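# Report on the structure
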Amino acid sequence: KAGVTQTPRYLIKTRGQQVTLSCSPISGHRSVSWYQQTPGQGLQFLFEYFSETQRNKGNFPGRFSGRQFSNSRSEMNVSTLELGDSALYLCASSLTGGSATNEKLFFGSGTQLSVL
Amino acid sequence: AQTVTQSQPEMSVQEAETVTLSCTYDTSENNYYLFWYKQPPSRQMILVIRQEAYKQQNATENRFSVNFQKAAKSFSLKISDSQLGDTAMYFCAFMKQRTASKLTFGTGTRLQVTL
């Protein structure tokens, strides 16, 4: 079974641009969540989607948005990029969101975004 | 809000020895889940072990076990028979029940396994 796939692995953008990151969950998983990882702030939850609906959201500005398609693939968009948006963006998938008994969240290898 | 604290930024252990990584958390919730994740240089977060707060029995997964002390809000990870492949960042994480994948992570402990 293929794991969680994130594309691209690396991205370089300049301030003010926008970027779209993609995440393909494990087959059969309906929940996709996104995390930002930086040396200063650590790992922070961005948002979670289940069956094309955002169910949960972290404390990030509106420049960060996402969506989920009917095949459970998810995209994350960051508009008007700032230097502080440079980070590793991790995607995780699970069957229902990780709270069911013995359910696990599986992470991808992330997209490293550099904003110049 | 929940907080997770890992007070050991770096640790080192010799191959085949045992090491314990510490984690404390703060929450007013009664039902929640605790996790240890491993992040090797490949950057992928790999689930090591999971503990449900309502279970008194400590979780174990092969060489990995936890010491879960609910009253003390402590959740330490013990790695037995350490192997070179255990070298990685280890993150402790908390999730409230019914919060759909919203993990709160600690700052991590960098573990180096040496020969």
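Structure shown above.
Below or above, wherever it landed, is the structure these notes cover. What you are looking at is a predicted structure, and each value in this text was computed from that prediction instead of being measured.

What follows covers the pattern of salt bridges. Residues and elements named next belong to chain A. Inspection of every chain in the model, using the stated rule, returns 10 salt bridges over all chains. Between E75 and R67 there is a salt bridge, with the nearest N and O atoms lying 3.2 Å from each other. Classification of R67 by relative accessible area gives partly exposed; the value is 47%.

This next bit is on the interface of chain B and chain A. The parts lose accessible area when they come together, and the size of an interface is often stated as this lost area. Facing the 20 residues of chain B at the interface are 29 residues of chain A. A combined buried area of about 2000 Å² lies between chain B and chain A, and 48% of that area is made up of carbon and sulfur atoms. Our count for the chain B to chain A interface comes out at zero salt bridges. The interface formed by chain B and chain A contains seven residue pairs in polar contact (both at pLDDT 80 or more). Elements that contribute at least two residues to the side of chain B that touches chain A include exactly β5 (32-39), β6 (46-52) and β10 (88-96) of chain B. Each residue belonging to the side of chain B that touches chain A can be placed in one class, and the counts come to 10 nonpolar, five polar and five charged.

Moving on: the side chain of D86 of chain B. Structurally, the position occupied by D86 of chain B is in the loop between β9 (74-79) and β10. Not counting the four nearest positions on each side in its chain, D86 of chain B is found in contact with K38, R63, F64, I79, L111 and V113 of chain B.

What counts, and at which threshold
- Residues numbered from 1 in each chain as written.
- Chains lettered and ligands numbered in written order.
- Predicted model: local features only at pLDDT ≥ 70, side-chain atom pairs only at ≥ 80, totals over all residues.
- Heavy atoms only, no water.
- Salt bridge = Lys/Arg side-chain N within 4 Å of Asp/Glu carboxyl O.
- Buried < 20%, exposed > 50% of the residue type's maximum accessible area, 1.4 Å probe, protein only.
- Contact = heavy atoms within 4.5 Å.
- Buried area = accessible area lost by both parts, 1.4 Å probe.
- Polar contact = N/O pair within 3.5 Å; in protein donor to acceptor, adjacent residues only side chain to side chain.
- Helix = DSSP H or I, 4+ residues; strand = E, 2+ residues; numbered from the N terminus.
- Nonpolar A, V, L, I, M, F, W, Y, C, P; charged D, E, K, R; others polar.

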